[in-house]
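This is what each chain is made of:
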Amino acid sequence: MDWKTLVLCTMAIPIGGAILSLLDVKAWRRLVVILTSIGISASAILLYLNGSFNLSSSQDLFFTKYNGLISVLDFLLLGYILYLGFKFKHVLIQILTGLQILLLALVEVLHVPTQTSPFFADKLSLMMVLIVSILGSLIAIYGLHYMDVHEEHLHLEKSKQSKFFFFLLLFLGAMNGLVLSNNLLWMYFFWEITTLCSFILIGHDQTEIAIKNSQQALWMNLLGGVAFVLGMLVLTLKHLPLELTSLLTLPISPLLLLALAFLCIAGFTKSAQLPFQSWLTGAMVAPTPVSALLHSSTMVNAGVYLILRLAPLYHKTLFAHYLAFIGAFTLIATSVLALSEKNGKKILAYSTIGNLGMIIACAGIGSPAAIGAGILLILFHAVSKGLLFMLMGYVEQLIGSRMIEDMRGLYDRYPLTSVLMAFGMITMFLPPFGALLSKWMIIESSAHNPIIIILLALGSAFTMVFWGKWIGIILGRTEPNPSKQEHNPMLIKASIYSTAFLALILSVAIIPIYTSIVLPTLKLYYHQTSYTLLFGSFKNEIGMFPVYPLFLVFGLGIIWTLAKLRTSSTKPSSLPYMAGLEAIQEDKFGFVGPIGKFVPFTAGNLYLQDYIGETKITFGINTIAIGTIIVALASVF
Amino acid sequence: MKFLEKFIKQGSLKSPWLLHFDCGSCNGCDIEILACLTPLYDVERFGIINTGNPKHADLLMVTGGINYRNMHALKNLYEQMLDPKIVMAIGACANSGGVFKDAYNILGGADKVIPVDVYVPGCPPKPEAIIDGVVEALGLLEQKTKSMELSHAR
Amino acid sequence: MFSLGKIIIALIVIVLAPLLGGLIAGLDRKLTARLQGRYGPPIFQPFYDVLKLLGKKNHPMNKTQVFCVWIYFIAAVTSLFLFALQSDLLMIFFVMTIGAIFLVIGAKSTPSPFSQVGAQRELVQMLTYEPLLILVFVSIYFVTGSFNIADILKYPKPIFLTLPLIYLVLGFALTIKLRKSPFDISTSHHGHQEIVKGLLTEYSGPYLAMIEIAHWYEIMLILAICGLFWHTNLAALLIFLLITYLAEIFIDNLVARSTWRWMLAYVWGVGISLVFFNILFLYAYRFVS
């Protein structure tokens, strides 16, 4: 199969599946989603195996004749969003959409169409397609079970799942189109589709707060859209091409840099960087498959993907330094905020924003090692965060709360789920897993820049604290006679177990991933590579990281320990030390207080909300962020 | 493993960790016990550390008379200590109830609740006497360790 | 990097390290006792303690605890092994944190108030020393141009001469890791019993022995990192480490335990300032010379 067919498949299959899932019959919907998942994953894998696109043959002009169609669809889309703006009487949406329509019209009129293919993929894009397709499919399958339980909890009479899955699958198709796009106009079209899908999916439950947050997400993303169109306008006015492949060959100039700066700001809004993070934290009111898919693994990756794509162009400019600062500052600010949060989904949201900030810092630092780290971090973060969100949603449905304090003693009732959740968190911040390897690479490649390195070091310390705290809560044992209630349904097993397995395998296989995805990309744009691979380790002139040896040591250690634990006695009956007054009553640990009254065991955690609470510091960090962006924009000249 | 056993037995004699529980004493005996830890008598020479945690302790020093309230605590603490362990009753009240023997709330000495191995008489006993009792306890500990099965960390 | 000779040397190191670590702990207690005007335990006391603990009956609270102790132990040994193989400092640091995190998780898994408070304080301790350690390693990179220990050892002059303030920052991390006053807030070490034994309250018997041995490995690792600051001459290195450790013992006996708020504010404030000034000095020095 040639790449044109496969590219069409990656977009047509989900869109087809979306339309088919509009029929509101549960079994049909399950069939459609599962078949779409298989189809889109297969196309993605085949596309990846096909390799990077070679744009030399004339057949590559196949898609250019659809330029006009895309423009028409673009205006229709913007028209629909404008209509939504009037429907909700939301002035900001109206203004931003109107601005986009005007500027887009200018771009379309002034733009000279070229004969370059609007679709292109190197290994980075192919990796993104794989992430979107495979992880997206797994989350869609998870969504089948989640939404059934969700609607049951809400006692809905009429199911809204057909609308839900329509937009979810439509989104997958749009994401695939986005990462495969070469022509910025096409990318812009897919970009705005994802904005629309995000808006509709966030507001799915139609509660007051869902509506409010979806509108906030809409206008913030539209602001990014305006920046995107402004970037395209600058390029068009300067008679520069709108195709990435052509742009990446050009020498840098102030106006080109200005266009890139606008595109980067669009990326900031899409990836919910400071000061635009409130739409992402607000989007947590959406059903969890939305959070898992859009707001951790795929849509927010679109922003950093664009920024990373453009990185070779603004390499070593002053703008890049500011970009690195913005990314590193986002990391530390969101890590501090995550420490003060009690809402599990918000912690995950802040962690997502922080990791995306790290990827942007990579793009800003711009050395081959840093770019490689950024690419790897996109991959590993997407898988681990998707896993964590899926588990978070499932646990929330099991225990009825998303506060982490209510998850104490989860291990007693749901051992496998809590272990998987702990595993997901461990893959986020501990060696030898991929996310930590990327962090190691970033720290080593940014070591020459004192401010960035201080921010990164502090940020990563904060992340350890809140992950460690959360893992400790989940694996806590609070019941003397635990009653295991775990019955994981088949759809959950299929989606969550596969994702966990994927997280493990990808981390173990990081060296083949590096050679097949990162190295070709680096060679293409930087003509140099960063690490040599020796004895299963990453090695360069300043550091080394032994991947296989560490996996071997810890893997064997864990297997041996688990084997020993299995054979040892099953009933340890030791009570905790409570000055001799320990007791078990009403199936709880506790102690016998004065006058013989039983006091059950409770525990709390440090949140420091008075010092670093969201309400206290958000204003300050937003101000710093806005200031930095303004300075970064000014620095292009 | 035999090789390690010998070292473990030697270790257990040279490192008795203490748990000091005051059941309701007038604190006279407690002050004398704590005096043993001061530089003048310095029982840390023998590896004795006053841990406050029964899970870490080998020696339980009980002072004061047992009443209906603290007997539960004493029993719990004794059960939380890991084998091999030694109980010492320090002072007259812990031995038998002391001057409070016939009071309505006092059950008697510590041996009403838990098996006591060493009794140190006195009101309060001198630190030298307490140290003497500890040395006696170490001898008993050796015997208990010999008769106990060796458990591995595995 | 992984030649057979180096691996054998590293294996010898990790066999000898706990013996040396225990000896240092014993000398520590002896010297502390002498400073307090008493005789103190024999030098081999920590070994007797560990052996006694190994001989106790096994009675853990739950299996999570046991698992976490093993991971802590493996991580401590692995990080020292990697140091002996002269690999990347930053990577060794991250492997060390695996152990530290799992110790906290093990403590948090028990329904004991002392464990929970100890675990929280341990997390704050980690929050305190981790960024500083990363900054120390980055400063070493500034001076020697590499994170690899093999390359650092090839540097001709002692690093301490250009990074004296950074060594003080490392001293903070050393104090916290050794659980010495004023930063022994998570286990209330040395029998102070503020929160009984804090983090370690619910560990007993053989598992407490394993934690102690892993702690010795960590002491050796941190002392080895301190030793990197004067690697040129073996005799000078030993005297240097001796002075460092003596300073730790003196400070331990002089100051009272701090609160976690004070620790975080003070160590970060002073630590980051010291790093900043030392790096500034480095830049100025290079600019001038």
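Since this is a predicted model, take the numbers as computed values, not measurements. (Residues numbered from 1 in each chain as written. Chains lettered and ligands numbered in written order. Predicted model: local features only at pLDDT ≥ 70, side-chain atom pairs only at ≥ 80, totals over all residues.)

Student: Tell me what's going on with the interface of chain A and chain C, and back it up with residues and numbers.
Tutor: The partner chain C presents 51 residues to the 48 residues of chain A that form the contact. The set of elements that each furnish at least two residues to the side of chain A that touches chain C consists of α19 (434-445), α20 (450-474), β3 (544-546) and α23 (547-567) of chain A. Considering each element in turn, the side of chain A that touches chain C owes the most residues, 14 residues, to α20 of chain A. Its residues assigned to classes, the side of chain A that touches chain C comprises 35 nonpolar, nine polar and four charged. (Contact = placed C-beta atoms within 7 Å. Helix = DSSP H or I, 4+ residues; strand = E, 2+ residues; numbered from the N terminus. Nonpolar A, V, L, I, M, F, W, Y, C, P; charged D, E, K, R; others polar.)

Student: I'd love a proper account of the packing of helix α5 (residues 123-154) of chain A against helix α21 (residues 490-508) of chain A, names of residues and values included.
Tutor: Helix-helix packing is characterised by the crossing angle of the two axes and by the distance between the axes. Residues and elements named next belong to chain A. Interaxial distance between α5 and α21 falls to 8 Å at its minimum, and their mutual angle equals 150°. Classified by the interaxial angle, the pair formed by α5 and α21 is roughly antiparallel. α5 and α21 meet at a crossing whose hand is left-handed. Across the interface between the two elements, Leu138, Ile139, Ile141, Tyr142, Leu144 and His145 of α5 pack against Leu491, Ile492, Ala494, Ser495, Ile496, Ser498 and Thr499 of α21. Tallied by class, residues from the contact of α5 with α21 come to nine nonpolar, four polar and no charged. (Axes fitted to C-alpha atoms, helices over the stretch in contact; angles between N-to-C directions. Parallel < 35°, antiparallel > 145°, perpendicular 65-115°, else oblique. Left-handed = near helix turned anticlockwise from the far one by under 90°.)

Student: Please provide a residue-by-residue account of the sheet that holds strand β5 (residues 588-592) of chain A, values included.
Tutor: The pairing of strands in a sheet comes from backbone hydrogen bonds and takes either a parallel or an antiparallel form. Residues and elements named next belong to chain A. Read from one edge to the other, the open sheet built from three strands follows the order β4-β5-β6, with strand pairing classed as antiparallel. Because the sheet does not close on itself, it has two edges, and the strands there are β4 (582-585) and β6 (598-600). Averaged over all neighbouring strand pairs, the angle between strand axes comes to 45°, with direction disregarded. Across four bridges, β4 lies against β5 in antiparallel orientation. Along β5, the bridge assignment pairs Ile584 with Phe589. (Pairing = 2+ DSSP bridges.)

Student: Could you give an account of the sheet that holds β3 of chain A, with specific residues and numbers?
Tutor: Residues and elements named next belong to chain A. Strand order across the open sheet formed by three strands is β1-β2-β3, with antiparallel pairing between neighbours. Of all strands in the sheet, those with a lone pairing partner are β1 (532-534) and β3, marking the two edges. Direction aside, neighbouring strands of the sheet carry axes that sit 20° apart on average. Relative to the sheet, α23 contacts β2 (537-539) and β3, its axis offset from that of β3 by approximately 35°.

Student: Account for the interface of chain C and chain B, with residues named and values stated.
Tutor: The interface of chain C with chain B comprises 31 residues on the first partner and 25 residues on the second. Elements with a minimum of two residues in the side of chain C that touches chain B: α2 (45-54) and α8 (205-227) of chain C. In terms of residue count, the dominant contributor to the side of chain C that touches chain B is α2 of chain C (seven residues). Its residues placed into classes, the side of chain C that touches chain B shows twelve nonpolar, twelve polar and seven charged.

Student: Go over unusual backbone geometry with me, naming the residues and quoting the values.
Tutor: For residues besides glycine, phi is generally negative; the peptide bonds are generally trans as well. The omega torsion across Asp83 of chain B and Pro84 of chain B is -10°, close enough to zero to call that bond cis. Note that Pro84 of chain B resides in the loop between α3 (70-80) and β5 (86-90). Here the residue pair Ser181 of chain C and Pro182 of chain C is connected by a cis peptide bond, since its omega of 0° sits within 30 degrees of zero. As for its placement among the helices and strands, Pro182 of chain C is situated in the loop between α7 (164-177) and α8. The phi angle at His155 of chain A is positive, at roughly 55°, despite the residue not being glycine. Within the element layout of this structure, His155 of chain A appears in the loop between α5 and α6 (161-180). Phi is positive for Arg179 of chain C, which is not a glycine, with a value near 55°. Look at Arg179 of chain C and you get buried, because 22 C-beta atoms sit within 10 Å. (Buried ≥ 20, exposed ≤ 12 C-beta atoms within 10 Å, placed from the backbone.)

Student: Help me get a handle on the nonpolar core, residues and values and all.
Tutor: If you look at the biggest cluster of nonpolar residues, it comprises 329 residues, and the most contacted ones within it are Tyr72 and Phe137 of chain C. For this core, the element with the most residues is helix α16 (residues 368-399) of chain A, which contributes 20 residues. Among the nonpolar cores identified, the runner-up in size contains 41 residues, and Leu59, Leu82, Ala94 and Ile106 of chain B belong to it. (Core = buried A, V, L, I, M, F, W, Y, C linked by C-beta atoms within 7 Å.)

Student: Could you give an account of the confidence of the model for chain C, with specific residues and numbers?
Tutor: Across chain C, pLDDT averages 89, with 97% of residues at or above 70. Both confidence scores are given for the complex: pTM 0.93, ipTM 0.92. (pLDDT = per-residue confidence, 0-100.)

Student: Account for the pairing of β5 of chain A, with residues named and values stated.
Tutor: Residues and elements named next belong to chain A. Counting the residues between successive antiparallel strands, the hairpin from β4 to β5 contains two residues, one of them, Glu586, with a positive phi of roughly 50°. Strand direction decides the pairing type here: β5 and β6, joined by three bridges, are antiparallel. Within the sheet, the bridge partner assigned to Phe591 lies in β6 and is Val599. If you look at the hairpin formed by β5 and β6, you'll find five residues sitting between the two strands, and Ile595 has a positive phi there, around 50°.

Student: Tell me about the confidence of the model for chain B, residues and numbers included.
Tutor: Looking at chain B as a whole, its pLDDT mean stands at 86, while 94% of the residues score no less than 70. The secondary structure element of chain B with the lowest average pLDDT is helix α1 (residues 2-14) of chain B, at 75, and the one with the highest is strand β7 (residues 118-120) of chain B, at 95.

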